[in-house]
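# Observations on chain architecture
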Amino acid sequence: MSDQKRIMIIAGEASGDLHASSLVLEIRKLLPNVCFTGIGGSRMREIGVDLILDNREIAVTGFSEVFSKIRTILRAFRLVKETILRVRPDLLILLDFPDFNLRVAKTARRMGIPVLYYISPQVWAWRRGRVRAIQGLVEKIMVILPFEASLYGDKGVFVGNPLLDVVRPSLTADEAREQFGIRKESPVVALLPGSRENEIRQLLPLFLKAAHLIREQVPDIQYLLPVAPTVSDDEVEPMIQKAGIPIRLVRDRAYDAIALSDFAVVASGTATLETAILGVPMMIVYKMSRMSYFMASRLVRVPHIGLINMVAGERIVPELVQDQLTPERIMEEALHVLKDRARAEEISGKLKQAVSRLGGPGASARAAGIVVQFLEVNG
């Protein structure tokens, strides 16, 4: 194997940026001279990945929402193709983000670039036909949910969930209260409306209306709003100011904010697993454009939208989707937990049981081992 290897890595959203950065760090422990380039976010940039594009430019959910960024997405694809031709990476690593990444994978294969996939697209929820397409494009797919590996036959490898290595508070409860200016006896609710611009637009106004309603029932309630790295203050501060209630924006200490909370309202996605790992009772919500929901409702065939409910195989925490999602329903579910400590403790216990199914710590290191072994065998 030559002294320096070149790896291109593409993570199209905030959670992918987190997992990609952890993977890069673990690969460097085994292969110090590797050179990384690709698409990602602030975490990948901070550890020295040469980013050709910030993933905030292409992160989007839903079918109709994609059209609002189609030109940017097409430009990003052209940029990736040009970079592959120029850099000729020894390996392409893709994280989730299937509509974009599968197209990149096809291009890379035609150029003779091997592909590893890390973190499976949710093919078990919809578009199962993609399983065969992925199998034909990748050397291995490293999955992070226990039920996913069998979908891909001998190409699927369960490495555990990388969140188990990173999701932990850095402050004690007392330190966190002081840091965030939270009164000691006040109940705390965390609001997590997602990491993409369209999620913020759809969900945060509903969260803020619900916050008003909850405050009418629990006057000393305190709110924390952890902000994803992909979200600018300009996107959320005007909405909060308009709402007229005190809500503390939290950057860089999301896990401390969630761990301090008695309840969380969480957009479906990676944040639901993060909240579950911290043992905080929550409700899982989602809302998209009517056209996107119309299309998704005819394609998605799963009993739960929340990842932690899927892992558990039961509805541990409530889910509200689309028209079910109203400020009144959010208030009702929050009050059920805030006013019933026994219910809160029961939910926390079930969350911990479900989290135990995610495997042990070390997922990123195991995935890195697969990457380096592949390079050694094929170098």
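The text that follows walks through the structure, step by step, so that each part is easy to find. Everything numeric here is computed off the predicted structure, so don't read it as measured data.

## Notes on a positive patch on the surface
Residues Lys81, Arg103, Lys106 and Arg110 make up a contiguous surface patch of positive charge. Among the elements that line the positive patch, the one with the most residues is helix H5 (residues 98–110), at three residues. Within the secondary structure layout, lysine 81 lies in helix H4 (residues 70–87).

## Here we look at helix H12 (residues 270–277)
Among the eight residues that make up H12, seven are buried, leaving the element largely enclosed by the rest of the structure. Of all the residues in H12, the buried ones are Ala271, Thr272, Leu273, Glu274, Thr275, Ala276 and Ile277. One or two residues past the end of H12 sits glycine 279, with phi positive at roughly 75°.

## Observations concerning the pairing of strand E3 (residues 50–54)
Burial runs high along E3: four of the five residues are buried. Pairing of strand E2 (residues 35–40) with E3, which is carried by four bridges, proceeds in the parallel orientation. Bridge pairing in E3 links glycine 40 to aspartate 54.

## What about the pairing of strand E8 (residues 188–192)?
Counting buried residues along E8, five of its five residues qualify, which places the element largely inside the surrounding structure. The alternating pattern of E8 places Val188, Ala190 and Leu192 and Val189 and Leu191 on opposite faces, both of which are buried. Where E8 lies against strand E9 (residues 222–226), three bridges are found, and the strand directions are parallel. For valine 189, the partnering residue across the bridge sits in E9 and is tyrosine 223. For the crossover from E8 across helix H9 (residues 197–217) to E9, the handedness is right-handed. Summarising the sheet, E8 and strand E11 (residues 263–267) pair through four bridges and their orientation is parallel. Counterpart to leucine 191 in the pairing with E11 is valine 265.

Basis of the calculations
- Residues numbered from 1 in each chain as written.
- Predicted model: local features only at pLDDT ≥ 70, side-chain atom pairs only at ≥ 80, totals over all residues.
- Heavy atoms only, no water.
- Patch = residues over 30% accessible without salt bridge, like charges linked within 9 Å, V, L, I, M, F, W, Y side chains within 5 Å.
- Areas by Shrake-Rupley, 256 points an atom, 1.4 Å probe, with all protein chains shown as cover.
- Salt bridge = Lys/Arg side-chain N within 4 Å of Asp/Glu carboxyl O.
- Lys, Arg positive; Asp, Glu negative; His and termini not counted.
- Charge placed at Lys NZ, Arg CZ, Asp CG, Glu CD.
- Helix = DSSP H or I, 4+ residues; strand = E, 2+ residues; numbered from the N terminus.
- Buried < 20%, exposed > 50% of the residue type's maximum accessible area, 1.4 Å probe, protein only.
- Pairing = 2+ DSSP bridges.
- Right-handed = clockwise from strand over helix to strand, strands pointing away.

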